[in-house]
Amino acid sequence: MDHGTKRTIVFASVIALAAGAGCATSQMPQSEIEAQLMERQEKIEALQSSLEKRDRTLKQQQNQIQQLSKAAEQGKKIDVAAPPPSSSRSGELFPPAAKPGECYARVFVPPVYRTETLKLLKREASERLEVVPAKYEWVQERVLVKEASTRLEEVPATYEWVEERVLDREAHTVWKKGRGLIERVDNTTGEIMCLVEVPATYKTVRTRVLKTPATTREVQIPAKYSTIKVRKLVSSPQTTRIEIPAEHQTITKTHMVSDGHMEWRSVLCETNATRQLVSSIQRALEKKGHSPGPIDGIIGSQTMAAVSSFQKEKDLPSGRLTLATLDALGVTASR
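Predicted, not measured: the structure shown is a model, and the values here were computed from it.

Caption draft 1: The packing of aromatic side chains, seen in detail. Overall, the coordinates contain 0 aromatic pairs when judged by the stated rule. Here the basic side chain of Arg142 rests over the ring of Tyr225, its NZ or CZ set 4.0 Å away from the ring centre. The ring of Tyr136 has Arg231 lying over it, and the distance from NZ or CZ to the ring centre is 4.0 Å.

What follows is the structure in structure tokens.
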């Protein structure tokens, strides 16, 4: 796998990890999410910068190897003990202070990070207003429907029946035939006529007479009331101020102390590695949970894949089977 493909895989893994963390923090406050995203962005940029430096260093190494190959083909003598004057940690053509019988290789030393904890203001102190609503209750109340008043009422006249004796015919005199001691003897003798006094006659008449005349009187009309159910205010609404203290949050931020770089390190190779030593390394890798393939004492692709996985887990320089990796595995090599 070339370096470009490896870098693509690393970036894809970092982006997937950031996306997964973003889903997990969907319920976090906005400020905390932004802080974590900024932190991950810094890590991604630092890793990208480190990978770019590593690519440049690997290209320089490949150019140097090509130069050495051309020099070997042309039969030129290369003095191992006297390295070229260019001497930087990542740009040295040969390892400094090399010892005979030892093998060296440029390996990638991962960047060093420092983690610090910061206490940030999440929300400033504030206050909120809490309104206590008014309280009401239902009560029965007697209310005036119609006010008291007066009206004039007519009192009719009263009558009564009375009997009264009235003169029917006044007293008078009339001539009536009379009879006496001597009655009429013959035709020549006249009749006896007497002047008689007839007394007055009376009769009883029943008449209707006025007893009391018609009048008017003032009648008092009382007020009218009704009992109704009304909603009555018991307590008025009130406003209360509630103090809200400031809220802080603690975040962890990681800073890169030093960049990843290429560096010469002692490694195992055909010169200083025995099959017995390689078998010990394979067994140690298997014990650590990194499968090296068959325990055959041969440094194959499976063994190197297990070595690379172990180096990443322990944050060790990667790219070759370094002596520092052997120390971490607990394998002792004769040096």
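Caption draft 2: Spotlight on the nonpolar core. Formed by 14 residues in total, the largest nonpolar core has its most connected members in Leu277, Ile281, Leu285, Leu326, Leu329 and Val331. When residues of this core are traced back to their parent elements, those giving at least two are helix 3 (275-287), helix 4 (301-314) and helix 5 (323-329). No other element matches the 4 residues that helix 3 contributes to this core.

Caption draft 3: Representation of the pattern of salt bridges. Inspection of every chain in the model, using the stated rule, returns 7 salt bridges. A salt bridge links Glu130 to Arg128; the nearest nitrogen and oxygen atoms lie 3.2 Å apart. Exposure remark for Glu130: the relative accessible area of 35% places this residue in the partly exposed category. Two residues, Arg151 and Glu153, come together in a salt bridge whose shortest N-O distance is 3.3 Å. Of the residues examined, Arg151 reaches a relative accessible area of 40% and is grouped as partly exposed. The network of salt bridges with shared partners includes Lys122, Arg123 and Glu247.

Caption draft 4: Here's a closer look at the side chain of Thr322. Residue placement: Thr322 occurs in the loop between helix 4 and helix 5. Judged by relative accessible area, which is 1%, Thr322 ranks as buried. Among the polar contacts listed, one links the side chain of Thr322 to the side chain of Thr325, at a separation of 2.8 Å.

Caption draft 5: Spatial organisation of helix 3. Compared with an ideal rise of 1.5 Å per residue, which puts 13 residues at 18 Å, helix 3 spans 18 Å between its outermost C-alpha atoms and is within 8% of the ideal. On its buried face, helix 3 is in contact with helix 4 and helix 5. In the stretch just after helix 3, Gly289 is the one whose phi turns positive, near 95°.

Criteria and cut-off values
Residues numbered from 1 in each chain as written. Predicted model: local features only at pLDDT ≥ 70, side-chain atom pairs only at ≥ 80, totals over all residues. Heavy atoms only, no water. Phe/Tyr/Trp six-rings, centres within 6.5 Å; stacked < 30°, edge-to-face > 60°. Lys NZ or Arg CZ within 6 Å of the ring centre and 35° of its normal. Core = buried A, V, L, I, M, F, W, Y, C linked by side-chain atoms within 4.5 Å. Buried < 20%, exposed > 50% of the residue type's maximum accessible area, 1.4 Å probe, protein only. Helix = DSSP H or I, 4+ residues; strand = E, 2+ residues; numbered from the N terminus. Salt bridge = Lys/Arg side-chain N within 4 Å of Asp/Glu carboxyl O. Polar contact = N/O pair within 3.5 Å; in protein donor to acceptor, adjacent residues only side chain to side chain. Expected span 1.5 Å × (residues − 1). Contact = heavy atoms within 4.5 Å.

In short, shape yes, function no, at least from these values alone.
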